Amino acid sequence: MEITGFSGTGPYTVGISPSLYTDYGIASGTSPAYATPFGVLNGGAPLCKYCGMQNLQIYANGTGLSSGMADMNMTECAYCWVKNVEFNYTDADWLDMAYCYRCEVRDNYFSNAFGHGSGGSDADVQVAQSTSASLIVNNIMERGHASMIVDMGAAGNVIAY
């Protein structure tokens with residue numbers, strides 16, 4: 001979530017957007033919510049804000065297969081996008097999204113993979129590690145392994161047609 005404002009001298013009242021997806025710590029079976037600064041490794045700021053990649057082709061060549069490196073990583077991004085990109089012959093995952101907030105992956109073509117086995121690299125788009133409020137829409141995925149993986153606390157995202 002993004003902090004929209006705060007008031008008080010302690011305890012503080014903090015405004016966030018969007019609202020929480022559940023009543024953490026109140027609903028049965030949930031744990032209390034804890035605030036973790038976005039971009040913990042970067043002093044609480046996103047590593048990238050309003051950054052995008054569009055209108056190009058990424059053509060992997062099989063040399064990075066053993067390293068498991070995704071063709072593209074979106075890590076600690078806010079309001080970022082990937083649009084009209086052709087991902088071809090990935091060495092690992094096509095795209096990994098980690099700690100993204102309100103990002104968009106739209107109108108892309110993900111195809112082919114050098115490796116088709118299970119494990120850390122699945123020739124997929126992975127939405128993971130608390131990525132929230134993001135939109136993955138109108139993408140084509142073929143000849144990979146898993147296509148989409150949603151994992152590790154990702155919530156409130158839309159994956160459509």
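Up top is the structure.
Everything numeric in this text was worked out from a predicted model, so none of it was measured.

Cut-off values and rules
Residues numbered from 1 in each chain as written. Predicted model: local features only at pLDDT ≥ 70, side-chain atom pairs only at ≥ 80, totals over all residues. Heavy atoms only, no water. Core = buried A, V, L, I, M, F, W, Y, C linked by side-chain atoms within 4.5 Å. Buried < 20%, exposed > 50% of the residue type's maximum accessible area, 1.4 Å probe, protein only. Helix = DSSP H or I, 4+ residues; strand = E, 2+ residues; numbered from the N terminus. Disulfide = S-S within 2.5 Å. Salt bridge = Lys/Arg side-chain N within 4 Å of Asp/Glu carboxyl O. Pairing = 2+ DSSP bridges. Axes fitted to C-alpha atoms, helices over the stretch in contact; angles between N-to-C directions. Patch = residues over 30% accessible without salt bridge, like charges linked within 9 Å, V, L, I, M, F, W, Y side chains within 5 Å. Areas by Shrake-Rupley, 256 points an atom, 1.4 Å probe, with all protein chains shown as cover. Contact = heavy atoms within 4.5 Å. Phe/Tyr/Trp six-rings, centres within 6.5 Å; stacked < 30°, edge-to-face > 60°.

> I would appreciate a short explanation of the nonpolar core in the present structure.
Generally speaking, nonpolar side chains in soluble globular proteins are found buried as a group. Among the nonpolar cores identified, the biggest contains 20 residues, and M74, F87, L95 and M97 are the most heavily contacted of them. Elements supplying a minimum of two residues to this core: β5 (72-75), β7 (81-90), β8 (95-98) and β11 (124-128). The element that contributes the greatest number of residues to this core is β7, accounting for 3 residues.

> Explanation requested: the state of the cysteines in the structure shown.
Joining two cysteines, a disulfide is a covalent bond between their sulfur atoms. Under the defined criterion, the tally for this structure stands at 1 disulfide. The disulfide bridge from C48 ends at C51, spanning 1.8 Å between sulfur atoms. C48 gets classed as buried once you look at its relative accessible area, which sits at 18%. Left unpaired, C80 is separated from the closest cysteine sulfur, that of C77, by 3.8 Å. For C80, a relative accessible area of 3% gives the class buried. Here C100 is not cross-linked by a disulfide; its sulfur's nearest cysteine counterpart is in C103, at 4.0 Å.

> Got a minute to help me understand the pattern of salt bridges in this structure?
Opposite charge on two side chains lets them pair, provided their charged atoms get close. Tallied over the entire structure, the rule returns 2 salt bridges. Put simply, E104 and R106 hold a salt bridge, and the shortest N to O gap is 2.5 Å. Taking the shortest distance from any N to any O, the salt bridge between R143 and E142 comes out at 3.5 Å. Judged by its relative accessible area of 49%, R143 falls in the partly exposed class.

> I keep staring at the sheet that holds β8 and nothing clicks. Help me out?
The pairing of strands in a sheet comes from backbone hydrogen bonds and takes either a parallel or an antiparallel form. Taken together, the 4 strands give an open sheet; going across it, the order is β5-β8-β11-β14, and neighbouring strands pair in parallel fashion. The outermost strands of the open sheet, each flanked by one partner alone, are β5 and β14 (147-150). Neighbour to neighbour, the strand axes of the sheet diverge by 10 degrees on average, direction disregarded. In this sheet, β8 lies alongside β5 in parallel orientation, the contact comprising 4 bridges. Bridged to T75 within β8 is A98.

> Any chance you could explain a nonpolar patch on the surface here in plain terms?
There is a patch of nonpolar side chains on the surface, built from M1, I3, F6, Y12, V14, I16, L20 and Y21 and spanning about 830 Å² of accessible area. Residue position: L20 is located in the loop between β2 (13-17) and β3 (48-49). Judged by its relative accessible area of 42%, L20 falls in the partly exposed class.

> Explain the side chain of S134 to me, please; I cannot follow it from the model alone.
Position of S134 among the secondary structure elements: in the loop between β11 and β12 (135-137). If we skip the residues at most four places from it in the chain, S134 touches M97, C100, Y101, R102, C103, G156, N157 and V158.

> I tried to follow the packing of aromatic side chains on my own but got confused; where do I start?
Two measures describe an aromatic ring pair: the distance that separates the ring centres and the angle between the ring planes. With the rule as written, the count across this model stands at 6 aromatic pairs. Considering the side-chain rings of Y50 and Y79, the 5.0 Å spacing of their centres and the 15 degrees angle between planes classify their relative orientation as stacked. Here Y50, found in the loop between β3 and β4 (52-59), pairs with Y79, found in the loop between β6 (77-78) and β7; they are 29 residues apart in sequence, far enough to count as distant. With a centroid separation of 4.6 Å and 20 degrees between ring planes, the pair formed by F87 and F110 is classed as stacked. With F87 in strand β7 and F110 in strand β10 (residues 109-113), this pair connects stretches of sequence that are 23 residues apart. Side by side, F87 and F110 carry an identical accessibility label, which is buried. Each residue in the set Y50, Y79 and Y101 is aromatic and connected to the rest through ring pairs, giving one cluster.

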